[in-house]
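# Observations on the model geometry
Listed below, chain by chain, are the residues.
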Amino acid sequence: MEQNQQDLAIQPIIESDNHRYKECTCCKMPRLLSDFLRRTGKRSGKESRRGTCKACRKLLKDNKKSPGSPSPELQSSAPKRLVKRPLPTPPPKLEGPDASILVPNRQGILRMRGKTDKGRRWQQETDLETAVTLVREHAAVVVNRNTVRRVYSNKTFRRYILERDQCTCYFCGEYGDTIDHLLPRAKGGHTTPVNCVCACMLCNQSKADLSLDDFIHSKGGTTPT
């Protein structure tokens with residue numbers, strides 16, 4: 001019974017009378033799949049839909065144009081209070097050399113390896129600071145003094161974060177199916193298990209490029225003492 005409920009929480013698409021419904025992350029109402037925009041990209045399936053229905057998306061857009069007068073629908077559906085929760089426990093540190101042995105080449109760069117979602121190997125150049133951060137935040141391991149290897153592909157990293165956080169939004173505690181960076185990439189954050197959490201679509205869009213403390217403060221949230 002518990003397993004069935006957990007499966008429904010992870011995939012909120014319900015079949016009824018030959019129609020397929022999905023719960024909107026904004027208004028919390030079950031709506032037809034046709035009321036949601038399709039997700040784009042190579043990893044998206046035929047029935048992949050965005051979390052916010054078209055009606056709520058329009059309300060969000062109108063509210064963004066006139067922030068001084070938010071609509072009642074958005075006020076009732078938005079999280080009333082956000083709390084800065086303890087960070088999720090990072091995965092155990094993988095075996096391998098410490099990041100202190102990394103040394104860039106004469107051009108000041110290192111090599112970074114990894115695999116795509118389809119298992120194809122890739123390689124690119126990176127700087128010392130990024131390589132050290134990825135290793136310390138459990139997203140890469142040291143191969144040798146000039147090379148690091150990414151541990152996760154995009155697909156496996158997304159699956160890991162959602163399963164670790166049990167599809168629960170880190171900010172409001174509601175259902176979440178997106179990945180958010182606590183320190184935004186625009187401000188130097190990286191896609192690592194330490195810096196990423198599960199988030200609902202509404203919180204993810206509201207946070208944008210704000211830092212964690214700024215986002216909590218802007219929503220009138222509190223930080224535990």
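The sections below set out a description of the structure shown in this document.

Reading guide: rules and limits
- Residues numbered from 1 in each chain as written.
- Predicted model: local features only at pLDDT ≥ 70, side-chain atom pairs only at ≥ 80, totals over all residues.
- Heavy atoms only, no water.
- Helix = DSSP H or I, 4+ residues; strand = E, 2+ residues; numbered from the N terminus.
- Buried < 20%, exposed > 50% of the residue type's maximum accessible area, 1.4 Å probe, protein only.
- Contact = heavy atoms within 4.5 Å.
- Areas by Shrake-Rupley, 256 points an atom, 1.4 Å probe, with all protein chains shown as cover.
- Patch = residues over 30% accessible without salt bridge, like charges linked within 9 Å, V, L, I, M, F, W, Y side chains within 5 Å.
- Salt bridge = Lys/Arg side-chain N within 4 Å of Asp/Glu carboxyl O.
- Lys, Arg positive; Asp, Glu negative; His and termini not counted.
- Charge placed at Lys NZ, Arg CZ, Asp CG, Glu CD.
- Core = buried A, V, L, I, M, F, W, Y, C linked by side-chain atoms within 4.5 Å.
- Pairing = 2+ DSSP bridges.
- Axes fitted to C-alpha atoms, helices over the stretch in contact; angles between N-to-C directions.
- Disulfide = S-S within 2.5 Å.
- Polar contact = N/O pair within 3.5 Å; in protein donor to acceptor, adjacent residues only side chain to side chain.

Let's shift gears to the overall build of the chain. Tallying secondary structure elements over the chain gives 7 helices and 11 strands in all. Per-residue burial for the chain yields a buried fraction of 32% across its 225 residues. When contacts within the chain are restricted to residue pairs at least 6 apart in sequence, those whose partners lie at least 24 apart make up 54%. When the accessible surface of the chain is split by element, carbon and sulfur atoms take 49% of a total near 14,600 Å².

Looking now at the environment of S48. Here S48 is to be found in the loop between strand 4 (36-38) and strand 5 (49-53). Placed 12 residues apart in sequence, S48 and F36 show a C-alpha to C-alpha distance of 9.3 Å. In this view, S48 contacts L37, R38 and R39; residues no more than four positions away in its chain are not counted.

We now examine unusual backbone geometry. In this structure, C167 takes a positive phi of about 55° despite not being glycine. For C167, the location among the structural elements is in the loop between helix 5 (154-164) and strand 10 (178-181). Since its relative accessible area comes to 10%, C167 is described here as buried. Phi is positive for A208, close to 50°, though the residue is something other than glycine.

As a further point, take a positive patch on the surface. A contiguous patch of positive charge, built from R111, R113, K115, R121 and R149, is present on the exposed surface. For the positive patch, the element with the highest residue contribution is strand 6 (residues 110-115), accounting for 3 residues. In this structure R121 comes out as exposed when scored by relative accessible area, which is 75%.

Our focus in this paragraph is the nonpolar core. With 14 residues, the main nonpolar core has C169, F171 and C203 as its most contacted residues. Taken together, the elements giving at least two residues each to this core come down to strand 11 (196-199), helix 6 (201-207) and helix 7 (212-218). For this core, the element with the most residues is helix 7, which contributes 3 residues. Ranked by size, the runner-up nonpolar core spans 12 residues in total, among them L102, A131, V132 and V148.

With respect to topology, 4 strands assemble into an open sheet ordered 7-6-9-8, the strand pairing being mixed. A single partner strand is all that each edge strand has here, and the edge strands are strand 7 (121-126) and strand 8 (140-144). For this sheet the average axis-to-axis angle between neighbouring strands, irrespective of direction, equals 30°. Bridging between strand 6 and strand 9 (residues 147-150) involves 3 bridges; their strand directions are parallel.

Using the criterion set out here, one finds 0 disulfides in the structure. Here C203 is not disulfide-linked; the sulfur of C200 is the nearest cysteine sulfur, at 3.5 Å.

The next point concerns helix 5. Every buried residue of helix 5 is accounted for by F157, Y160, I161, L162 and R164. Buried residues along helix 5 sit against strand 10 and strand 11.

The pairing of strand 8 with strand 9 spans 4 bridges and is antiparallel. Opposite N144, over in strand 9, you have T147 as the bridge partner. Between the antiparallel neighbours strand 8 and strand 9 lie 2 residues.

Those residues of helix 4 (residues 128-136) that sit buried are T130, A131, V132, L134 and V135. Looking at the buried side of helix 4, the elements it contacts are strand 6, strand 7, strand 8 and strand 9. Where helix 4 begins, the side chain of D127 points an oxygen toward the backbone nitrogen of E129, at a separation of 3.2 Å. Just downstream of helix 4 lies H138, where phi reads positive at about 65°.

So yeah, pure geometry; function would need other evidence.
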